[in-house]
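An overview of the molecular structure
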Amino acid sequence: MAEIKAKLPPHCQVKKRGKEGNVYHEVYFMPHPKDRAEGWPPTMKIGRVGELSDTKIIQKANQIYDEYQEYLMKINGMKADFTPGSFPDVIRIYKRSPYYKDLAPRTQKDYDRLMAIIEDWSASKGHPNIKYMTRKSLLAFLSSFEDGSRTQKYAKAVLSILFSAAMREDYVSENIVTGIRLTRRKKVKKLVIWEEQDVKAFVDAAFELGHPSLARACVMAFETGQRKMDVLKMQQPRDYENGTVKFKQNKTGKLVNIPTTRRLRTMLDEIPRSQMILFPAEHDGQIWDEGYSSKVKIFQFL
């Protein structure tokens, strides 16, 4: 594969084209179908390696990537604001840098989710210049998360990363996030026992909100005692077939077969047998993704 010295932004791919004796490489902007926003072209040609310099290819790729980010903001009801020194501007600069591009894809996805939350918060404040941020205002933002939670700690870490990026651009002279001390709270484990009326309320709400998969998953979890994420990964016929739920016990590894109740079987019989994933997410037909599920409020109650 042809080499480009500088690293391309996310969603870019280099494809081999032509036939033997006339082989060349084209660079495309191609978001994965699972990640691509509705209405965005599946493929956009950036240029041919060799015909365009690496610098030109990178410039064009970054331009398309920025347009894609603005498009995502637009369809999510957000107004793009890349005023120098604003959070959207700093985030865009950071995403262009090796500090972001060299991260593992899963880490990038986690950072993207938190940076979207930061942008939402920034938009609610009118996208102030980052140099006017104070520890007090940042702490107020971090206090919107549960004290001592993992999400709160990660949000603080991402804020610190963005302030470091702002320092490299001379937007700020210091990283004030490092001086923020989060409140630690001892976690108290709570045992939550669902009753039949709780299940019915959840199922009714899930169907009403257009998430029948979560309604069925709720009944499956309630009647079999399996964990939420284990239920959401169930497939047929591996885990369910002809009215029988099958799973291995964690301790003994013994295969257990549980006949379903009439209620659960009626719900599961509505699922086509050709559908492998038993409880697919409605937006893409795949197993529920942690990043997307965080946007679906009812998911948090499952």
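Quick caveat: nothing in here was measured; it's all calculated off a predicted structure.

1. Section: the overall build of the chain
Helix and strand counts for the chain come out as 11 helices and 6 strands. Expressed as a percentage of the 302 residues in the chain, the buried residues total 37%. Taking as baseline every contact in the chain between residues at least 6 positions apart, the subset at least 24 positions apart corresponds to 54%.

2. Overview of the sheet that holds strand 3 (residues 44-48)
Ordered by their spatial adjacency, 3 strands build an open sheet running 1-2-3, and the pairing between neighbours is antiparallel. Both edges of this open sheet fall to strand 1 (12-19) and strand 3, since each of them pairs with a single strand only. Shown here is a sheet whose adjacent strand axes are inclined to one another by a mean of 35 degrees, direction ignored. Pairing between strand 1 and strand 2 (residues 22-29): 8 bridges, direction antiparallel. From the neighbouring strand, Lys-15 faces strand 2, where its bridge partner is Glu-26.

3. A closer look at the sheet that holds strand 6 (residues 255-259)
Judged by pairing direction, the sheet is antiparallel, and its 3 strands sit side by side in the order 4-5-6 without closing on themselves. On the outer flanks of this sheet lie strand 4 (240-241) and strand 6, each paired with one strand and no other. For strand 5 (residues 244-248) and strand 6, the ladder comprises 5 bridges, and the chain directions are antiparallel. If you follow Thr-244 over to strand 6, its bridge partner there is Pro-259.

4. Structural notes on helix 5 (residues 135-142)
Within helix 5, the full set of buried residues consists of Leu-138, Phe-141 and Leu-142. Each buried residue of helix 5 sits inside an arc of 100 degrees when the element is viewed along its axis, so together they form one side. Seen from the buried face of helix 5, the exposed residues on the opposite side, beyond 90 degrees, are Lys-136 and Ala-140.

5. Some words on the packing of helix 4 (residues 105-124) against helix 6 (residues 150-168)
How two helices sit against one another is set out by the angle between their axes and by the gap between those axes. Their axes nearest at 10 Å, the elements helix 4 and helix 6 cross at an angle of 80 degrees. One finds that helix 4 runs roughly perpendicular with respect to helix 6. Of the residues in helix 6, those in contact with Tyr-111, Leu-114, Met-115 and Ile-118 of helix 4 are Thr-151, Tyr-154, Ala-155, Val-158, Leu-159, Ile-161 and Leu-162. For the contact of helix 4 with helix 6, the class distribution of residues is 10 nonpolar, 1 polar and no charged.

6. A word on the environment of Thr-244
Checked against the element boundaries, Thr-244 lands in strand 5. Counting along the chain gives 15 residues from Thr-244 to Pro-259, while the straight-line C-alpha distance between them is 4.5 Å.

7. Let's talk about the nonpolar core
Formed by 41 residues in total, the largest nonpolar core has its most connected members in Leu-8, Phe-87, Leu-138, Leu-162 and Phe-163. In terms of residue count, the dominant contributor to this core is helix 6 (7 residues). Once residues lying within four places of it in the same chain are set aside, the contact partners of Leu-8 are Val-14, Val-27, Ile-57, Ile-58, Ala-61 and Lys-101.

8. A short note on the packing of aromatic side chains
One pass over the full model with this rule turns up 8 aromatic pairs. Arranged with centres 5.6 Å apart and planes meeting at 70 degrees, the rings of Tyr-94 and Tyr-100 form a pair that is edge-to-face. The class for Tyr-94 is buried, based on a relative accessible area of 3%. On the basis of relative accessibility, which here comes to 1%, the residue Tyr-100 falls in the buried class. Put simply, the rings of Phe-87, Trp-121, Phe-141, Phe-145 and Phe-163 touch in pairs and so form one group of aromatic residues. One cation-aromatic arrangement involves Arg-48 over Tyr-24; the distance from NZ or CZ to the ring centre is 3.7 Å. Sitting over the face of the ring of Tyr-99, Arg-168 holds its NZ or CZ atom 3.8 Å from the ring centroid.

9. Remarks on the packing of helix 5 against helix 6
Close contact between helix 5 and helix 6 brings their axes to 10 Å; oriented N to C, the two are set at 145 degrees. Relative to helix 6, the crossing made by helix 5 is right-handed. Residues Leu-138, Phe-141 and Leu-142 of helix 5 touch helix 6, and the partners they reach there are Gln-152, Ala-155, Lys-156, Leu-159 and Phe-163. Considering only residue class, the contact of helix 5 with helix 6 consists of 6 nonpolar, 1 polar and 1 charged.

10. Notes on the pattern of salt bridges
Applying the stated criterion to the full structure yields 11 salt bridges. Here Glu-26 makes a salt bridge to Lys-45, at a shortest N to O gap of 4.0 Å. Of the two residues, Glu-26 sits in strand 2 while Lys-45 sits in strand 3, which places them 19 residues apart along the sequence. A relative accessible area of 5% places Glu-26 in the buried class. Given a relative accessible area of 52%, Lys-45 falls into the exposed group. The partner of Arg-238 in a salt bridge is Asp-239, with the nearest N and O atoms 2.8 Å apart. By sharing partners, the salt bridges in this structure join Glu-26, Lys-45, Arg-48 and Glu-51 into a single network.

Procedures and definitions
- Residues numbered from 1 in each chain as written.
- Predicted model: local features only at pLDDT ≥ 70, side-chain atom pairs only at ≥ 80, totals over all residues.
- Heavy atoms only, no water.
- Helix = DSSP H or I, 4+ residues; strand = E, 2+ residues; numbered from the N terminus.
- Buried < 20%, exposed > 50% of the residue type's maximum accessible area, 1.4 Å probe, protein only.
- Contact = heavy atoms within 4.5 Å.
- Pairing = 2+ DSSP bridges.
- Axes fitted to C-alpha atoms, helices over the stretch in contact; angles between N-to-C directions.
- Arc of directions from axis to C-beta.
- Parallel < 35°, antiparallel > 145°, perpendicular 65-115°, else oblique.
- Nonpolar A, V, L, I, M, F, W, Y, C, P; charged D, E, K, R; others polar.
- Core = buried A, V, L, I, M, F, W, Y, C linked by side-chain atoms within 4.5 Å.
- Phe/Tyr/Trp six-rings, centres within 6.5 Å; stacked < 30°, edge-to-face > 60°.
- Lys NZ or Arg CZ within 6 Å of the ring centre and 35° of its normal.
- Left-handed = near helix turned anticlockwise from the far one by under 90°.
- Salt bridge = Lys/Arg side-chain N within 4 Å of Asp/Glu carboxyl O.

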